[in-house]
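Listed below are the residues making up each chain.
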Amino acid sequence: MSKPSLKLIGAAVTSALLFAATPAQAQTVLKIGHVLAKGSHYDVGAVKFCEDIDKGTAGRYKCQVFPASALGGEREQIEAVQLGTQDFVLTSTGPVGNFVPEIKIVDVPFLFRDYDHARKVLDGQIGQDMLSKFQSHGLVALAWSENGFRHMTNNKRPIVSAADAAGLKMRTMENKVHMEGYRTFGILPTPMAFPEVFGALQQGVVDGQENPIPVILASKFSQVQKHLSLTGHVYSPALLITSPRVWNKLSDADKKVFSDAAKASVAATRKKVNDDEANGIAQLEKEGMQVVRQVNGASFRDATKPAYANYAKEFGADRIAAIQAVK
Ligand code: EAX
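Residues numbered from 1 in each chain as written. Predicted model: local features only at pLDDT ≥ 70, side-chain atom pairs only at ≥ 80, totals over all residues. Heavy atoms only, no water.

Another point: unusual backbone geometry. Glycine aside, the phi torsion of most residues is negative, and most peptide linkages are trans. For Ala-58, which is not a glycine, the phi torsion comes out positive at approximately 55 degrees. Within the secondary structure, Ala-58 is located in the loop between helix H2 (41–56) and strand E2 (61–66). For Lys-220, which is not glycine, the phi dihedral falls at a positive 55 degrees. Residue placement: Lys-220 occurs in the loop between helix H9 (213–218) and strand E8 (227–242). (Helix = DSSP H or I, 4+ residues; strand = E, 2+ residues; numbered from the N terminus.)

On inspection of all chains with the given rule, the structure shows one disulfide. The disulfide partner of Cys-50 is Cys-63, and the gap between their sulfur atoms is 2.0 Å. Across the S-S bond of Cys-50 and Cys-63 the torsion is about -120 degrees, and the bridge reads as left-handed. With a gap of 13 residues between them, Cys-50 in helix H2 and Cys-63 in strand E2 connect regions that are remote in the sequence. Assigned by exposure class, Cys-50 and Cys-63 land together as buried. (Disulfide = S-S within 2.5 Å. Buried < 20%, exposed > 50% of the residue type's maximum accessible area, 1.4 Å probe, protein only.)

Throughout the structure, instances matching the rule amount to 14 aromatic pairs. Seen from their ring centres, Tyr-115 and Phe-149 are 5.0 Å apart, and the 85 degrees between their planes marks the pair as edge-to-face. In this pair, Tyr-115 sits in helix H4 (residues 115–123) while Phe-149 sits in strand E4 (residues 140–154), placing the two residues 34 residues apart along the sequence. There is no split in this pair, since Tyr-115 and Phe-149 are both buried. By way of ring pairs, the aromatic residues Phe-49, Tyr-61, Phe-88 and Phe-258 are connected into one cluster. One residue, Lys-31, lies across the ring of Phe-66, its end atom 5.8 Å from the ring centre. (Phe/Tyr/Trp six-rings, centres within 6.5 Å; stacked < 30°, edge-to-face > 60°. Lys NZ or Arg CZ within 6 Å of the ring centre and 35° of its normal.)

Attention now moves to the site of the ligand. Taken together, Val-35, Tyr-42, Glu-74, Ser-92, Asn-147, Arg-150, Arg-171, Met-173, Phe-194 and Asn-211 form the complete shell of residues around the ligand. Here an oxygen atom of the ligand sits 2.7 Å away from a polar atom, N or O, in the side chain of Tyr-42. In this structure, an oxygen atom belonging to the ligand sits 2.7 Å away from a side-chain N or O atom of Arg-171. For the ligand, whose unbound accessible area comes to 270 Å², protein coverage reaches 99%. Of the residues in the shell around the ligand, the class split is four nonpolar, three polar and three charged. (Near = heavy atom within 4 Å. Polar contact = N/O pair within 3.5 Å; in protein donor to acceptor, adjacent residues only side chain to side chain. Areas by Shrake-Rupley, 256 points an atom, 1.4 Å probe, with all protein chains shown as cover. Nonpolar A, V, L, I, M, F, W, Y, C, P; charged D, E, K, R; others polar.)

Before going further, it helps to spend a moment on the pairing of E8. Successive side chains on a regular strand alternate, one facing one side of the sheet and the next facing the other. Counting buried residues along E8, 16 of its 16 residues qualify, which places the element largely inside the surrounding structure. With four bridges joining them, strand E3 (residues 88–92) and E8 adopt antiparallel strand pairing. The partner of Ser-92 across the bridge, within E8, is Ala-238. Bridge count for E4 against E8 is twelve bridges, and the pairing is antiparallel. Paired with Phe-149 across the two strands is Tyr-235, which belongs to E8. As paired elements, E8 and strand E9 (residues 290–292) share three bridges and run parallel to each other. Across the sheet, Ser-229 pairs through a bridge with Val-292, a residue of E9. (Pairing = 2+ DSSP bridges.)

Moving on, we come to the environment of Thr-153. Relative to the assigned elements, Thr-153 resides in strand E4. Taking C-alpha positions, Thr-153 is 6.3 Å from Gln-225, a pair spaced 72 residues apart along the chain. Non-local contacts of Thr-153, meaning those with residues more than four positions away in its chain, are made with Met-170, Gly-208, Gln-209, Ile-216, Gln-225, His-227, Leu-228 and Met-289. (Contact = heavy atoms within 4.5 Å.)

Tracing the backbone through its elements, the reader meets His-117 in helix H4. Using a relative accessible area of 1% as the deciding quantity, one classes His-117 as buried. A polar side-chain atom of His-117 sits 2.9 Å from the main-chain amide nitrogen of Arg-113. Leave out the neighbours within four places in its chain, and His-117 touches Leu-111, Phe-112, Ile-323, Gln-324 and Val-326.

This brings us to the pairing of strand E6 (residues 188–191). Sheet topology places strand E5 (residues 169–172) next to E6; four bridges connect them, and they run parallel. Each bridged residue has a counterpart across the sheet, and for Arg-171 the counterpart in E6 is Thr-190. Running through helix H7 (residues 176–183), the crossover from E5 to the neighbouring parallel element E6 is right-handed. (Right-handed = clockwise from strand over helix to strand, strands pointing away.)

These figures capture arrangement, not role.
Below you can see the structure in the form of structure tokens.
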């Protein structure tokens, strides 16, 4: 057997010395949760966030993704982040207004014209100012992410105008702004945490629910819902949230890595939403759903007028107008 060359021995000694000299890099593994399936628009965002943190900190920080409500519903996960038993949550704004009342305005039905408008408002001064309100409630909002425009599904009948929705028992998020608006359609709003929704639809506990196309797709609601109506009655933002406990431990350089990773996460989620919006309705029809594409949107907008009077009182007509004025 040939003797190892002096060169090889030299290299082995050098790397051994280097290894001994380099202090073992402390590694922190963070937990991030969301309620949607693997591969959903939230999941691609969470995975991208974790990849960029790992890369940006040379492995000093890694995060583990817990999809599909493994850590509970959205309200539970926000509470866990506040308590310190979970490090991040990627959540819709559904339950967030119960923790940070200053952001409830974003859940007003028909507030946002389209995706471009919603993204401009949330990425602009109005949205960024709202993110700064989280600290005083024991939370740190890293970025506005995206759930999407919500549409109605049900098992009773096609919904073309608001009158068709009247009398339906519809699951809603635990969100008073939504519930007040939906009552004007004549539906019976039934607030429920997301993990319970599929079972409630399957057993007929509720007639229907409302969610963006990406959620309806990822959650396989076509298996338990017959009718889909493209009501687009409200835009549902999402948020990437952590706690001061996690955030304040980071160096300024790592804070920059985490902020950049949050932006990249939002871009990945928004891209998946665009893709699902482009291909999802045909996919849901293939899975057997009957889709009402031409909804009488005016009937729903007109119905919400009384609720808008209350929204103006609660949030300020000027704040609503300022959001609607963003071009
Ligand atoms: O955040 O609860 C809901 O309907 C939400 O849209 C869903 O959990 C995604």
